[in-house]
Amino acid sequence: MQAYSENEQLLTRNIIFGMKPTIILAIESSCDDTSAAVIRDGILLSNVTASQKVHEEYGGVVPELASRAHQQNVLPVVDTALRRAGVDRHELSAIGFTRGPGLLGSLLVGTSFAKGMALSLGIPLIEVNHLQGHVLAHFVSEGKADERHPEYPFLCLLVSGGNSQIVLVRAWNDMQIIGQTIDDAAGEAFDKCAKVMNLPYPGGPLIDRLAKEGDAERFKFAKPNLPGYDYSFSGLKTSFLYFLRDNLKDNPDFIEQNKADLCASLQKTVVDILMKKLRKAAKDLGISHVAVAGGVSANSALRNAFIDYGKRYRAEVYIPPFSYTTDNAAMIAQVAYYKYGAGDFCPIEAVPFARI
Ligand code: KG4
């Protein structure tokens, strides 16, 4: 017998009894991606993202340029998301938005737009924590039959440009950070090491691509030795920098001649560091469901390490589709949908927050 998900049952009930569906528009603008998504009764209808190329030449996100680009992008992105979903704005039940953490100027654009729309349509406003969104990206449903979603409780390795955390997830609204970086995030380590090799921003995806041709065992870099489940990546960054500096003294072409091996070895070191603590946490807590989320979860070596972990330890592993790894509004819509069900709305006075 075919099993129907809660969302599908809800959709069927609404069709049969003519009940008004819950349709939410969500807006994400925490960093350098302007994204809007529409979700109806828990099923994602559209997810549209405009990325900003303007930062590439600066080697990192320039906050002022990011907020200006959000200003230009937000209206067309929202408009496209509604059109792709086939939804008129007057059908919306609520507006969800990323309240933080992130860049304040960027967040202000999405927050102000969401407030304006909610006010003009006379519908509730729902604030969403960006990090909760990344974790719950695993529950985004496109209504396909073969979708897999984690079972509670599970551990989520949340790795992005600004965060590296191990989160114990007991329910959609019950999460505990049990370990986190004490300095740089994993994505930051990738991006900073890429910059040292003269690769453009963001360096993470380029390192991933170059590493495919390289020998991951060729070079060894520092690994931290922290107790518990916390991470540290600043030592790795420094050891990478000093290693290049020493070798460049003898051979000015060292980076060019060894780029693939450097990328592969660096990537392996980051993945080893991430997986070691995750394995320890899963073992200590006796948890067999593990997920990965955030921009760095697009990394192919990390994805392979998860698959390998699942096979070796008979664990259920959850790796998000690429479209839900980097910043996107689908994950914000998912959280907003849960919050709508719980009647968890926010006042129009809500202001964005840069940090938790
Ligand atoms: O989650 P995200 O889009 O933005 C936030 O930080 O919130 O993550 C961006 C980070 C960047 O540091 C980028 O270099 C990294 O994710 N990243 C990758 C890959 N794709 C994105 N790092 C390694 N390998 C990748 N394939």
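In every chain, residue numbers begin from 1 and rise along the written sequence. Where local features are concerned, this predicted model is filtered to residues with pLDDT of at least 70; where side-chain atom pairs are given and counted, the filter is 80 or more; whole-chain, interface and lining totals use all residues. Side-chain figures throughout are based on the complete set of non-hydrogen atoms in the structure, without hydrogens or water.

Participant: Account for the site of the ligand, with residues named and values stated.
Facilitator: Neighbouring residues of the ligand: 18 residues in total, closest G161, D191, D208, G295 and N299. Contact between the ligand and G161: an oxygen atom at 2.7 Å from a main-chain N or O atom of the residue. Polar contacts, as counted here, are pairs of nitrogen or oxygen atoms within 3.5 Å of one another; within protein the pair requires one atom able to donate a hydrogen and one able to accept it, and residues that are adjacent in sequence qualify only if both atoms are side-chain atoms. The contact in question runs from an oxygen atom of the ligand to an N or O atom on the side chain of D191, over 2.6 Å. In the complex, the protein chains occlude 89% of the 550 Å² of accessible area that the ligand would expose alone. The secondary structure listing takes helices from DSSP runs of H or I that are at least 4 residues long and strands from runs of E that are at least 2 residues long, numbered from the N terminus. For the shell around the ligand, the secondary-structure elements that each account for two or more residues are α4 (130–136), α5 (186–196) and α6 (203–211). Tallied by class, the residues present in the shell around the ligand amount to 5 nonpolar, 10 polar and 3 charged. Per-domain counts for the shell around the ligand show at least three residues from each of domain 1 (6–145 + 326–341) and domain 2 (154–286). Any residue with at least one heavy atom within 4 Å of a molecule or strand is counted as near it. Note on areas: Shrake-Rupley, 1.4 Å probe, and residue coverage restricted to the protein chains presented here. Gly falls in the polar group here, along with every residue not listed as nonpolar (Ala, Val, Leu, Ile, Met, Phe, Trp, Tyr, Cys, Pro) or charged (Asp, Glu, Lys, Arg). An automatic or database domain assignment provides the domain bounds reported here.

Participant: Which residues make up the domain arrangement of the protein chain, and what are the values?
Facilitator: Splitting the protein chain by domain gives domain 1 (6–145 + 326–341) and domain 2 (154–286). With centres defined by C-alpha atoms, the gap from domain 1 to domain 2 works out at 30 Å. Two residues qualify as a contact provided that any one of their heavy atoms is within 4.5 Å of a heavy atom in the partner residue. At the junction of the two partners, domain 1 supplies 13 residues and domain 2 supplies 12 residues. Together, the buried faces of domain 1 and domain 2 total about 1,200 Å²; carbon and sulfur atoms form 79% of this surface. Whenever Lys or Arg places a side-chain nitrogen within 4 Å of a carboxyl oxygen from Asp or Glu, that contact is recorded as a salt bridge. Counting across the domain 1 and domain 2 interface gives 0 salt bridges. In this structure, the connection of domain 1 to domain 2 is made through 1 residue pair in polar contact (both at pLDDT 80 or more). Sorting the residues of the side of domain 1 that touches domain 2 by element identifies α4 and α10 (329–341) as the ones contributing at least two each. When residues of the side of domain 1 that touches domain 2 are assigned to their parent elements, the largest contribution, 5 residues, is made by α4. Grouping the amino acids of the side of domain 1 that touches domain 2 by side-chain chemistry returns 6 nonpolar, 4 polar and 3 charged. Note on definitions: buried area is the accessible-area loss of two parts on being combined, 1.4 Å probe, summed for both.

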